[in-house]
Amino acid sequence: MAASRLSLRGGGARGKNAASSPAARLSRQADALASAGRHAEADAAYRAALEADPTLAGTRNNHGNTLRALGRIAEAAGAYRAALAHGLDAALVHYNLASALRQLGETGEAEAAYRRALVRQPDHAEAWNNQANLLRDADRLEEAATGYRRAVTLRPDWGDGHDNFGSALYLLHERGAVDAAARLARLWRRDHPGNPVARHIGAAIAGDGAEPRAPDAYVRQTFDLFAEEFDSKLAELGYRAPELLAARVAADGESSEGGLDVLDAGCGTGLCAAALRPLARRLTGVDLSGGMLERARARQLYDALEEAELVAFLTGRPSAFDLIVAADVLCYFGVLDEALAAAAKALRPGGRLAFTVEALEAAGDAPHRVATHGRYAHRAGYVRATLATAGLEVAVFDRDTLRMESGAPVAGLVVLARRPALSPG
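Residues numbered from 1 in each chain as written. Predicted model: local features only at pLDDT ≥ 70, side-chain atom pairs only at ≥ 80, totals over all residues. Heavy atoms only, no water.

A. View of the side chain of Arg-403. Relative to the helices and strands, Arg-403 resides in strand β8 (residues 393–405). Reaching out from Arg-403, the side chain makes a polar contact with the side chain of Asp-328 at a distance of 3.1 Å. Within the structure, the side chain of Arg-403 is placed 2.4 Å from the side chain of Glu-358, a separation counted as a polar contact. Once residues lying within four places of it in the same chain are set aside, the contact partners of Arg-403 are Leu-237, Gly-238, Tyr-239, Asp-328, Glu-358, Arg-375, Ala-408, Pro-409 and Val-410. (Helix = DSSP H or I, 4+ residues; strand = E, 2+ residues; numbered from the N terminus. Polar contact = N/O pair within 3.5 Å; in protein donor to acceptor, adjacent residues only side chain to side chain. Contact = heavy atoms within 4.5 Å.)

B. The pattern of salt bridges, seen in detail. With the rule as written, the count across this model stands at 40 salt bridges. Ionic pairing is found between Asp-43 and Arg-72, a salt bridge with its closest N-O pair at 3.2 Å. Of the two residues, Asp-43 is situated in helix α2 (residues 39–52) and Arg-72 in the loop between α3 (57–69) and α4 (73–85); the sequence distance between them amounts to 29 residues. Under the relative-accessibility criterion, Asp-43 is labelled buried at 8%. Among the ionic pairs, Glu-111 bridges to Arg-140, the shortest N-O distance being 3.0 Å. Within this pair, whereas Glu-111 is found in helix α6 (residues 107–120), its partner Arg-140 is found in the loop between α7 (125–137) and α8 (141–154), the two being separated by 29 residues in sequence. Residue classification places Glu-111 among the buried residues on the basis of a relative accessible area of 12%. Taken together, the salt bridges that share partners define one network made up of Arg-240, Glu-243, Arg-248, Asp-398 and Asp-400. (Salt bridge = Lys/Arg side-chain N within 4 Å of Asp/Glu carboxyl O. Buried < 20%, exposed > 50% of the residue type's maximum accessible area, 1.4 Å probe, protein only.)

C. Looking closely at α7. Helix length check: α7, at 13 residues, gives a terminal C-alpha distance of 19 Å against a target of 18 Å (1.5 Å per residue), a fit within 8%. Buried residues dominate α7, accounting for 11 of its 13 residues. At its buried positions, α7 is contacted by α5 (91–103), α6, α8 and α9 (159–174). Asp-139 sits one or two residues past α7 and shows a positive phi near 65°. (Expected span 1.5 Å × (residues − 1).)

D. Focus on the state of the cysteines. The final tally for this structure, using the stated rule, is zero disulfides. Cys-267 provides the cysteine sulfur closest to Cys-272, a residue in no disulfide bond, and the two sulfurs are 9.0 Å apart. Unpaired in this structure, Cys-331 has its nearest cysteine sulfur neighbour in Cys-272, at a distance of 12 Å. (Disulfide = S-S within 2.5 Å.)

E. Spatial organisation of unusual backbone geometry. Of note, the phi angle at Gln-300 is positive, near 60°, even though the residue is not glycine. Mapped onto the elements, Gln-300 comes out in the loop between α16 (290–298) and β3 (304–307). The phi angle at Ser-319 is positive, at roughly 50°, despite the residue not being glycine.

F. How the structure looks around the layout of surface pockets. In this structure, the second largest pocket occupies an estimated 370 Å³ of space. Together, 19 residues line the second largest pocket, and Glu-358, Arg-369, Ala-371, His-373 and Ala-377 are the ones closest to its centre. Those elements that provide at least two residues to the lining of the second largest pocket are α9, β5 (347–359), β6 (368–370) and β9 (408–418). A total of four residues in the lining of the second largest pocket trace back to one element, the largest contributor, which is β9. The residue makeup of the lining of the second largest pocket, split by class, is 11 nonpolar, three polar and five charged. (1 Å grid on protein atoms, 1.4 Å probe; cavity = no way out; pocket = protein on both sides within 12 Å on 5 of 7 lines; lining within 4 Å. Points joined across faces, edges and corners; volume = space filled by probe spheres on them. Nonpolar A, V, L, I, M, F, W, Y, C, P; charged D, E, K, R; others polar.)

Limitation: the analysis is restricted to geometry and does not speak to function.
Pasting the structure below:
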């Protein structure tokens, strides 16, 4: 969260000519340089202003912001403390100090500074959120979740806040505080019925009835927020779906190298592209998240990238593709009937669909179930039956590990199915 800049006040230059004093003019010059990103020059100007008038508390706060931008965090904390010492007892200064102290690992003092900020400004959503980040990192998960709830109450449309709240509830549930997580999840859904993250993740954590598929707005918002760190995070989790699908397609022996029209369905950042490009005459990617598509575009491996909902995209392209690959995409669908039927129609005769889903192995007879992380798992029998209904013939139906989740392997189904070729004349 960005540091907060203040106007010259709270122990600054005194008297009717204060605003035009040399120190005030230098301070304004420093603010302009900082706003332009010229932080080294701003640092020098702030120092000159404070040498002329050490009592400029607002200038000390703003100097602290520039020092943080320069990576000089300990000096920044000193500047914020000096602003407080010179009489600028404002919520934003305590907030800035708390943020710097957290960066320095001084968590006890940071928490105290966040509390002082919130006493002075109880409606400071960012302070509630960042204090909750600190509590989450200390494994004080119920307190963290309560803080995130306050943050999104104050800023109901704040995507990052809702994402943080959902993550805290997920961790709380995983650590065994199931009842506390469910209670807070139900309050979240009640208070924010129109928010797609609250609607989907709240239902999953509360154990309430899941929708047939994750809402499009949830998928888009989640992956737009996640796009920047997507590749590195999946690498940490040992994500294997692209390589597993590539291996099954290659082993099928009908690659027609370089001659296929290929669709990377739910392409994300393009993790499948390198394996698919050698097979493709034309490689198309489709995804709901514009943020993910920006990163896929940077790979320069696709002939076309489309921002669209998958079923609608497939429905509008009958018999358009020789190969459709969907790596960890159908886990955002509970009911698979519509998606698999649309994929079958988008394939040419003899065309193939390769996909992964998470395997549902728990007791019971439900064909699918949404987990607390928001993805659906599916029973093998249900997947086979739905493929048959869609008119697709199973060529490969394997079980394998897709990635790690909370330190445990995620069991998945790796499937290759084919649209039957046309019978000879």
